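Tertiary structure, described
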Amino acid sequence: MISLAFLGTLPSLGSIELVEVINASNSVVDITNKSIKIFGGTSGTCTTGTSTCDSCATAAGLTACNPKMISSSTVMTVRFRVTSDLTQTGTVRVYEAGGNEVSISNASTGVTKGDTASFDVTWGTLCSHMQQAASDCSVSESETFTVGIDVDANGLADVESGQISFQVYKAGDTVTTCNDAGNTEGVCAFSANPGDGKVVIEDILTEGSFPTTSGLTFTHIRVYFKEGGFPSSPNDLFEDLGISQDSEGFFLSDKSVDGLTNNTPYFFRTASIDQAGNIGYFLHDNVISTACGASPTAADDLNCPYIATPAEVFGLLDEDLNCFIATAAFGSLWNSKVADLRRFRDHFLKPNLLRKKFVDWYYTYGPAWAKAIADNEAVRALVRVGLFPFWLFAKLAIDYGLLAAFVISFL
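Residues numbered from 1 in each chain as written. Predicted model: local features only at pLDDT ≥ 70, side-chain atom pairs only at ≥ 80, totals over all residues. Heavy atoms only, no water.

By the definition in use, this model includes 5 disulfides. Covalent S-S linkage joins Cys 292 and Cys 304, the inter-sulfur distance amounting to 2.0 Å. On the S-S bond that ties Cys 292 to Cys 304, the torsion sits near 65 degrees, and the link is right-handed. Pair noted here: Cys 292 is in helix H2 (residues 285-292) and Cys 304 is in the loop between H2 and strand E21 (307-308), with a separation of 12 residues, a long-range link. A relative accessible area of 14% places Cys 292 in the buried class. Here Cys 304 falls in the buried class, since its relative accessible area comes to 0%. When the cysteines engaged in disulfides are numbered in sequence order, the protein pairs them as 1-2, 3-4, 5-6, 7-8, 9-10. (Disulfide = S-S within 2.5 Å. Helix = DSSP H or I, 4+ residues; strand = E, 2+ residues; numbered from the N terminus. Buried < 20%, exposed > 50% of the residue type's maximum accessible area, 1.4 Å probe, protein only.)

Quick look at helix H6 (residues 377-400) now. With 24 residues, H6 extends 34 Å from end C-alpha to end C-alpha; this agrees with the ideal 34 Å at 1.5 Å per step. Within H6, the axis deviates most sharply at Phe 388, by approximately 35 degrees, and proline Pro 389 lies no more than four positions further along. Along H6, the residues that are buried comprise Arg 380, Val 383, Leu 387, Trp 391, Phe 393, Ala 394, Leu 396, Ala 397 and Ile 398. Looking at the residues trailing H6, positive phi occurs at Gly 401, about 105 degrees. (Expected span 1.5 Å × (residues − 1). Bend = angle between axes of the 7 residues up to and from the residue.)

Next up on the list: the environment of Gln 275. By the element assignment, Gln 275 lies in the loop between strand E18 (266-274) and strand E19 (279-280). The contact partners of Gln 275, leaving out residues within four places of it in the chain, are Asn 26, Phe 39, Leu 216, Thr 217 and Thr 219. (Contact = heavy atoms within 4.5 Å.)

Below, the discussion takes up a nonpolar patch on the surface. Together, Tyr 400, Leu 403, Val 407 and Ile 408 make up a nonpolar patch on the protein surface, roughly 450 Å² of accessible area in all. Mapping Val 407 onto the fold places it in helix H7 (residues 402-409). Under the relative-accessibility criterion, Val 407 is labelled partly exposed at 45%. (Patch = residues over 30% accessible without salt bridge, like charges linked within 9 Å, V, L, I, M, F, W, Y side chains within 5 Å. Areas by Shrake-Rupley, 256 points an atom, 1.4 Å probe, with all protein chains shown as cover. Salt bridge = Lys/Arg side-chain N within 4 Å of Asp/Glu carboxyl O.)

Turning next to the nonpolar core. Counting 36 residues, the largest nonpolar core has Phe 190, Ile 201, Phe 268 and Tyr 306 as the members making the most contacts within it. Secondary-structure elements contributing two or more residues to this core are strand E11 (186-194), strand E12 (199-207), strand E14 (216-226), strand E15 (238-246), E18, H2 and E21. Residues Met 76, Val 92, Phe 145 and Ile 164 belong to the second largest nonpolar core, which totals 29 residues. (Core = buried A, V, L, I, M, F, W, Y, C linked by side-chain atoms within 4.5 Å.)

Turning our attention to unusual backbone geometry. Residue Pro 211 is bonded to the preceding Phe 210 through a cis peptide linkage, with omega at 15 degrees. Along the chain, Pro 211 turns up in the loop between E12 and strand E13 (212-213). Positive phi is not limited to glycine here, since Asp 203 has a value of about 55 degrees. You can see Asp 203 is positioned in strand E12.

Our next topic: the sheet that holds E11. Either a parallel or an antiparallel arrangement is found when strands of a sheet pair, and the pairing is made through backbone hydrogen bonds. With antiparallel pairing, 3 strands are arranged side by side in an open sheet as E11-E12-E17. The sheet is open, and its two borders are formed by E11 and strand E17 (256-257), each paired with just one other strand. As defined by bridge partners, E12 adjoins E17 across 2 bridges and the pair is classed as antiparallel. When the sheet's bridge partners are listed, Val 200 is paired in E17 with Ser 256. (Pairing = 2+ DSSP bridges.)

Right, let's talk about the pattern of salt bridges for a bit. In this structure the tally under the stated criterion is 7 salt bridges. Residue Arg 81 pairs with Glu 17 through a salt bridge whose shortest N-O separation is 3.6 Å. In this pair, Arg 81 sits in strand E5 (residues 75-82) while Glu 17 sits in strand E2 (residues 16-22), placing the two residues 64 residues apart along the sequence. Overall, the relative accessible area of 37% leaves Glu 17 in the partly exposed class.

Below, the structure is given as structure tokens:
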């Protein structure tokens, strides 16, 4: 259960441009850093032969897997365009950091500037040239290689085309607890909050250096969901939530698991996907039982952060456009007071177990209140008056902080 990163650095004058990679799990071209990364993941078990295979198709239980798994016998083909100022022709060669040549096959000959060249190499061959010489790619380590062009057929690269860093990474199966001194990676806790036909994933806690680990980056949090019990296989239904980063850390580009049936309890479990396409670090049953008790059922919805029941939503906590405060009281979604109330919700009503209970209670009775308000102009006017002190408190909290809002309110 390992993943492999294959990195080709483009010098400032330019040397190679990635064209195609065959029998790798993923490839990323980083234009900013002028680098090419080719990833191979080996999480799971399946018969690879010389090609990749889908180890998730046969995975059982909470075990890491990869839909494009490679092994030491997998033959990778790398095709690239030569962009360096090469005026002669030559043959593609690859060398390890110590200068020893790496055994490759089908290397392009007669290569010059502007040509598309290629070579084949087994992942096991690359691993055997690393410091631990683990030809089965079972050791987590990295090494630097050189891709060059031999123009005089003497077995040595006369023109260097690019530096290549090869990294081996082992993925884990599960996350068993939070605060385990960084011995695992991935999501160790979260909260599933119900919406209208959806559930919003918030309150995410993570282990280790997430969303980076050993030079790799986690790209998505995979949210598995199921009716009648917790997901227990990589083949259960899921939604992938993309991970983005800024100066303050990571965040989800989308928090919603959509397309769910209202008034139906769903059970949720997370896993993490890295750049090599490995799906691992599943939320362990121990984490769920610690938060929810042994063998939780749909009846434990209010007390378990990993169970949620979508329902039609109206009101302050609705994240969609059908907010009764906007439609029934103020008449417009874009009313400034509605915007302030929504900002207050987002900043100060952060999800936790108490809020989850309130939300579920609110979703039960809110729709009937909303409909009654929307159909009665006199009641709408009363609601606007009644909401004014709440809006004022929210506005003060947003502008000056929650403590200042309390102090000013009681003056």
